There are 2 protein chains.
Amino acid sequence: MRTLCHDLSASTPGEEVVLEGWVHRRRPLSRVTFLVVRDRSGLAQVVLPAGTPVPPEETTVRVTGTATANAQAPGGMEVTDATVVALTEEAATPPVELWRPGLDVALPTLLDHAPVMWRHPAQSARWELAAASLRGFRSTLDGLGFTEVATPKVVGTATESGANVFPVDWFGRAAYLAQSPQFYKQQLVGVFERVYEVGPVFRAEPHDTVRHLAEYRSLDVELGFVEDHRDVLAVLRSVLAGMVAAVSAEGAAVARTGARLPVVPEEIPVIHFADALALVGASADEPDLAPEHERALGAWALAEHGSDFVAVEGYPMAKRPFYTHPWPGDERWSNSFDLLFRGLELVTGGQRLHRASDYEHAIRARGEDPAAYDSYLQAFRHGMPPHGGFAIGLERWVARLVEAANVREVTLYPRDLNRLTP
Amino acid sequence: MRTLCHDLSASTPGEEVVLEGWVHRRRPLSRVTFLVVRDRSGLAQVVLPAGTPVPPEETTVRVTGTATANAQAPGGMEVTDATVVALTEEAATPPVELWRPGLDVALPTLLDHAPVMWRHPAQSARWELAAASLRGFRSTLDGLGFTEVATPKVVGTATESGANVFPVDWFGRAAYLAQSPQFYKQQLVGVFERVYEVGPVFRAEPHDTVRHLAEYRSLDVELGFVEDHRDVLAVLRSVLAGMVAAVSAEGAAVARTGARLPVVPEEIPVIHFADALALVGASADEPDLAPEHERALGAWALAEHGSDFVAVEGYPMAKRPFYTHPWPGDERWSNSFDLLFRGLELVTGGQRLHRASDYEHAIRARGEDPAAYDSYLQAFRHGMPPHGGFAIGLERWVARLVEAANVREVTLYPRDLNRLTP
């Protein structure tokens, strides 16, 4: 019966224990040899007689020995009188020493050697927070009556946003990778009212920045029978609170990343786009917020509302997709929002059009033929409720949470303009 | 404050209630008009004076009225003295009458009109069982110390299985849709020991059968520090039990599908491939089980063990991928298995090789150069534990559960040789 490293401290001194894991570090001293074993739960110390051969770092081993109290050992317990059996061949030396507390390595090395670099405890903890975030996202929505859906990632037309799609050769026919589940999640509001999906989305945008990936995980939500975008924002608030709660529950991983967890306020501060421009001293005819404006708004929300989050509502219709619902009474603005987290855009959301005739009009206004959107428009012709939704980028969320400089650092195997491996 | 249809029965008679949903059916009679409202929770009956105009079926409405006890109404409660307000334009007539109890429609109609056909209660219930299965899958694995991962769906090389891949134009470079997360989930066992992923996989196999989709949802699991494939099978057994338990909790949806839920036995019956051939009267040199053999084995498991599930272990090495671990002592056979559910293959799994030298040997034996697998082999050179895993096809699982004739019937938006829309 295997004991996980984390649970060694709960063993009875004198008990025989079996550890399985990786040789995290071996330290042959003159009078004794220390072996630190790493498994999914943490680290444990094994004490061996001086001169005992120990396989090189990263070799997988089984250690059988006696649990022995030692106030100096991690968790107050170590393993003595131990036998070490290798479970595989001797491991090759990793590109960096994974037992050092920090992972001080250039980005290309980190990414080229991802299968090994993710083993570093400070690095694996970052992904553990991503996984906890997914748990919190789903459990919150499950509790609110949402249904998980799975929509196709290959589509027959590139209608949603034109040029920035990846072409796929589909049995000799032209197809495209889906840029978002937008059209499908809306249709499925017509079935389940409240839906969510966690899945890959693909953007063929040739941006080579610290914030863009060509494939990323989108946490998509859509719900029907809303009054306006404020109902959508209220669900987003619950989702963020659920994600932070799930992350908080991973205390050891949080500590390994050094993350400062945000507090999600009962109500997220909201500012209208026009007021936001005025607040940051931008010209009133700016069509969008520049990164420095987002940073200034983040600082304002923290100073004025004690909040790491701020929502900017009412973005100009001209900058939003055709399915966006206008601001009632003033069609320059929209019932949509961006949510900034620590001064960076994390979420885009809002209310959508729900009348078939509004869609026909909006599509024609773009100079396009509604017939090209026929399967999407089916849902609206056959009755849809007022609805809206949002999408959170998982990698951006985790990057801001752990204050990583580049989203690639928190993505298991990033894909971008230049990178298709490992 | 909105009342869900399902909760109407819990209202106090005389209470004012607000329903929101779709006009499921309107029935103008000579003395009264019935309106049945459908929302995500179910149906509710509204009684209106004869001649009251009611929008056509599928229009979304808000109904404000009085909860009134009536033993004839669904749940014993209906809404009277009601005002009906349409939330959108009048809905177009659906291709079939969605209020009829059964959805008796040809497959092409079902698929072409998916956005509307999924609204039929018997059809939406099928997906609700899929969603419940995903919940059960994840919660079981979360409880067993697994970490959810997200691996890339676009890869730079088509090494895993050669020809049956979809080419992608990646910023002008050649890339491919991932056929499975196999290589990545193994590498990540080196990080987290126990991992799972739910995601799309893409198979460019020109099979036009009732069981094949070109894009489907794969429920992937991989775990380290196993003795052999029997440890993997034990986790699969727990996962299936968790999925069935989560489905059982959706009593109303189960009833709408008419599904007979299987009992997952404490131990899934296991038969060796060679014994399975003998049992079904096939020649001992058959390299694989034919569909009629699978059906016969399913019948045998049910008759002999009272089990809807049976695992066939020891498949010939010649028919398994190069990373398969051979059967100790007899390298004709492998430490791998297929799980049959009601006589159809549902899961493939097994133990994998874990020594770097075994990989080099296995890849060379295929006449290939290990250098082409360099990023995958990194993990093994730097120390991996004995490990194994499995993959469940979501659509096949649901199709067998509800005894659908074709996997397309239980897929929200199927993709195959001929279909890229809706």
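Note that the structure is predicted; figures quoted are calculated from it, not measured. (Residues numbered from 1 in each chain as written. Chains lettered and ligands numbered in written order. Predicted model: local features only at pLDDT ≥ 70, side-chain atom pairs only at ≥ 80, totals over all residues. Heavy atoms only, no water.)

Caption draft 1: Fine view of the overall build of chain A. Helices and strands together make up the secondary structure of chain A, namely 11 helices and 16 strands. When its C-alpha atoms are laid out on the principal axes, chain A stretches across 80 × 55 × 40 Å. Across the 422 residues of chain A, 59% fall into the buried class. For chain A, restricting intrachain contacts to residue pairs at least 6 apart in sequence, the fraction spanning at least 24 positions comes to 64%. By element, 51% of the accessible surface of chain A is carried by carbon and sulfur atoms, the whole surface being about 15800 Å². (Helix = DSSP H or I, 4+ residues; strand = E, 2+ residues; numbered from the N terminus. Buried < 20%, exposed > 50% of the residue type's maximum accessible area, 1.4 Å probe, protein only. Contact = heavy atoms within 4.5 Å. Areas by Shrake-Rupley, 256 points an atom, 1.4 Å probe, with all protein chains shown as cover.)

Caption draft 2: Structural view of the sheet that holds strand β15 (residues 344–352) of chain A. Residues and elements named next belong to chain A. Overall, mixed pairing links the 8 strands, which are arranged β6-β10-β11-β16-β15-β14-β13-β12 in an open sheet. The outermost strands of the open sheet, each flanked by one partner alone, are β6 (147–148) and β12 (270–272). Strand direction decides the pairing type here: β12 and strand β13 (residues 309–313), joined by 3 bridges, are parallel. Across the sheet, residue H272 finds its bridge partner in β13, namely E313. Against the sheet, helix α8 (residues 291–305) contacts β12, β13, β14 (336–341) and β15, and its axis sits at roughly 120 degrees relative to β13. (Pairing = 2+ DSSP bridges. Axes fitted to C-alpha atoms, helices over the stretch in contact; angles between N-to-C directions.)

Caption draft 3: Fine view of the packing of aromatic side chains. Overall, the coordinates contain 42 aromatic pairs over all chains when judged by the stated rule. Their ring planes at 75 degrees and their centres at 5.5 Å tell us that A:F322 and A:Y323 sit as a pair that is edge-to-face. Here A:F322 matches A:Y323 in class, with each residue buried. Each member of the aromatic cluster is reached from another via a ring pair, and the members are A:F183, A:F322, A:Y323, A:Y359, A:Y373, A:Y376 and A:F380. A cation sits over an aromatic face here: A:R25 above A:W99, 3.6 Å from the ring centre. One Lys or Arg, B:R320, reaches over the ring of B:Y315 and ends 4.2 Å from the middle of that ring. (Phe/Tyr/Trp six-rings, centres within 6.5 Å; stacked < 30°, edge-to-face > 60°. Lys NZ or Arg CZ within 6 Å of the ring centre and 35° of its normal.)

Caption draft 4: Structural context of the relation of the copies chain B and chain A. For the match of chain B to chain A, the screw axis carries a shift of 0.0 Å, the RMSD comes to 0.0 Å, and the turn is 180 degrees. Expressed as a symmetry operation, the mapping of one chain copy onto the other fits a two-fold axis. Closest approach to the rotation axis within chain B is made by the C-alpha atom of B:V168, at a distance of 2.3 Å. When the interface residues of chain B are mapped onto chain A, 100% of them are again interface residues, pointing to one common binding face. (Least-squares fit on C-alpha atoms with pLDDT ≥ 70 in both.)

Caption draft 5: Molecular detail of the environment of A:V79. Residues and elements named next belong to chain A. On the secondary structure map, V79 appears in strand β5 (residues 77–86). Taking C-alpha positions, V79 is 47 Å from A150, a pair spaced 71 residues apart along the chain. In this structure V79 touches L8, V17, L19, Q45, V46, V47, V63, G65 and T66, once residues within four positions along its chain are discounted.

Caption draft 6: Fine view of the environment of B:W327. Residue and element names in this part refer to chain B. Looking at where W327 falls in the secondary structure, it is placed in the loop between β13 (309–313) and β14 (336–341). According to the relative accessible area criterion, W327 is partly exposed, its value standing at 22%. With 98 residues separating them in the primary sequence, W327 and H229 have C-alpha atoms 9.7 Å apart. When neighbours within four sequence positions are excluded, W327 is seen to be in contact with H229, H272, E313, G314, W333, S334 and N335.

Caption draft 7: Main features of unusual backbone geometry. Look at the link from A:T421 to A:P422: it is a cis peptide, with omega at -5 degrees. Take A:P422: it is sitting in the segment after α11 (394–401). Although it is not a glycine, B:E193 sits at a positive phi angle of roughly 70 degrees. Of note, B:E193 is situated in the loop between α4 (182–192) and β10 (194–202). Residue classification places B:E193 among the buried residues on the basis of a relative accessible area of 1%.

Caption draft 8: Spotlight on the sheet that holds β10(B). Residue and element names in this part refer to chain B. An order of β6-β10-β11-β16-β15-β14-β13-β12 is seen for the 8 strands of this open sheet, with the pairing classed as mixed. The sheet terminates laterally at β6 (147–148) and β12 (270–272), the two strands that pair on one side only. Sheet topology note: the strand β11 (residues 215–224)/strand β16 (residues 387–393) ladder contains 7 bridges and is antiparallel. Within the sheet, the bridge partner assigned to V221 lies in β16 and is F390. Along the sheet face, helix α5 (residues 229–248) touches β11, β12, β13, β14, β15 (344–352) and β16 and points at about 35 degrees away from the line of β16.

Caption draft 9: Geometry of the packing of helix α9 (residues 356–365) of chain B against helix α10 (residues 374–381) of chain B. Residue and element names in this part refer to chain B. The geometry of α9 relative to α10 is characterised by a closest axis approach of 8 Å and an angle of 150 degrees between their N-to-C directions. Contacts between α9 and α10 involve A356, Y359, E360 and I363 on the former and, on the latter, Y376, L377, F380 and R381. Grouping the constituent residues of the contact of α9 with α10 by class yields 6 nonpolar, no polar and 2 charged. (Nonpolar A, V, L, I, M, F, W, Y, C, P; charged D, E, K, R; others polar.)

Caption draft 10: Quick peek at the confidence of the model for chain A. Taken over all residues, the pLDDT of chain A has a mean of 96, while the share at 70 or more is 99%. This complex was scored by the predictor with a pTM of 0.97 and an ipTM of 0.97. (pLDDT = per-residue confidence, 0-100.)

Caption draft 11: The arrangement of the interface of chain B and chain A in detail. Taken together, the contact between chain B and chain A spans 99 residues of the former and 99 residues of the latter. Buried area between chain B and chain A, summed over both chains or domains, comes out near 7900 Å², and the portion from carbon and sulfur atoms is 59%. When the area that chain B buries against chain A is broken down by residue, the three leading residues are B:F171, B:H382 and B:L420, summing to 10%. Here chain B and chain A share 8 salt bridges between them. With its nearest N and O atoms 3.9 Å apart, the salt bridge here joins B:R217 to A:E197. Our count for the contact surface shared by chain B and chain A stands at 52 residue pairs in polar contact (both at pLDDT 80 or more). Looking at which element gives the most residues to the side of chain B that touches chain A, the answer is helix α3 (residues 121–143) of chain B, with 8 residues. Residues of the side of chain B that touches chain A, tallied by class, amount to 48 nonpolar, 19 polar and 32 charged. (Buried area = accessible area lost by both parts, 1.4 Å probe. Salt bridge = Lys/Arg side-chain N within 4 Å of Asp/Glu carboxyl O. Polar contact = N/O pair within 3.5 Å; in protein donor to acceptor, adjacent residues only side chain to side chain.)

Caption draft 12: Focus on α10(B). Looking only at α10(B), the buried set comprises B:Y376, B:L377, B:Q378, B:A379 and B:F380. Against α1 (107–112) and α2 (114–117) of chain A together with α4, α9 and β16 of chain B lie the buried residues of α10(B). Note on α10(B): the residue one or two positions beyond its end, B:G383, has a positive phi of about 95 degrees.

Caption draft 13: Molecular detail of the pattern of salt bridges. As enumerated under the stated definition, the model contains 68 salt bridges over all chains in all. Between B:E250 and B:R135 there is a salt bridge whose closest N-O contact spans 2.9 Å. With B:E250 in the loop between α5 and α6 (251–257) and B:R135 in helix α3, this residue pair connects regions lying 115 residues apart in the sequence. The class for B:R135 is partly exposed, based on a relative accessible area of 29%. Here the residues in one salt-bridge network are A:R2, A:E20, A:D39, A:R40, A:R62 and B:E193, joined through shared partners.

Caption draft 14: View of α8(A). Residues and elements named next belong to chain A. With 15 residues, α8 should cover 21 Å at 1.5 Å per step; its first-to-last C-alpha distance of 21 Å lies within 8% of that length. Those residues of α8 that fall on the buried side of the exposure criterion are H293, E294, L297, G298 and A301. Taken down its axis, α8 places every buried residue within 140 degrees of arc, on the same side. Exposed side of α8, more than 90 degrees from the buried face: R295 and A303 are the residues found there. The secondary structure elements touched by the buried residues of α8 are β12, α7 (273–279), β13, β14 and β15. (Expected span 1.5 Å × (residues − 1). Arc of directions from axis to C-beta.)

Caption draft 15: The side chain of B:H354, seen in detail. Tracing the backbone through its elements, the reader meets B:H354 in the loop between β15 and α9. In contact with B:H354, not counting residues within four places along its chain, are A:L87, A:T88, B:H325, B:Y359, B:F380, B:M384, B:P385, B:P386 and B:H387.

Caption draft 16: Quick look at the side chain of B:N335. Relative to the helices and strands, B:N335 resides in the loop between β13 and β14. B:N335 has contacts with B:D228, B:H229, B:H325, B:P326, B:W327, B:P328, B:G350 and B:Q351, leaving out every residue within four places of it along the chain.

Caption draft 17: Representation of the environment of A:R408 in the model. Residue and element names in this part refer to chain A. Topologically, R408 is positioned in the segment after α11. Taking C-alpha positions, R408 is 10.0 Å from T209, a pair spaced 199 residues apart along the chain. Apart from the residues lying within four places of it in its own chain, the contact partners of R408 are L107, L111, D208, T209, V210, H212, L213, P414 and D416. One polar contact links the side chain of R408 to the main-chain carbonyl oxygen of H212, over a distance of 3.3 Å. Only 2.6 Å separates the side chain of R408 from the side chain of D416, close enough to count as a polar contact.

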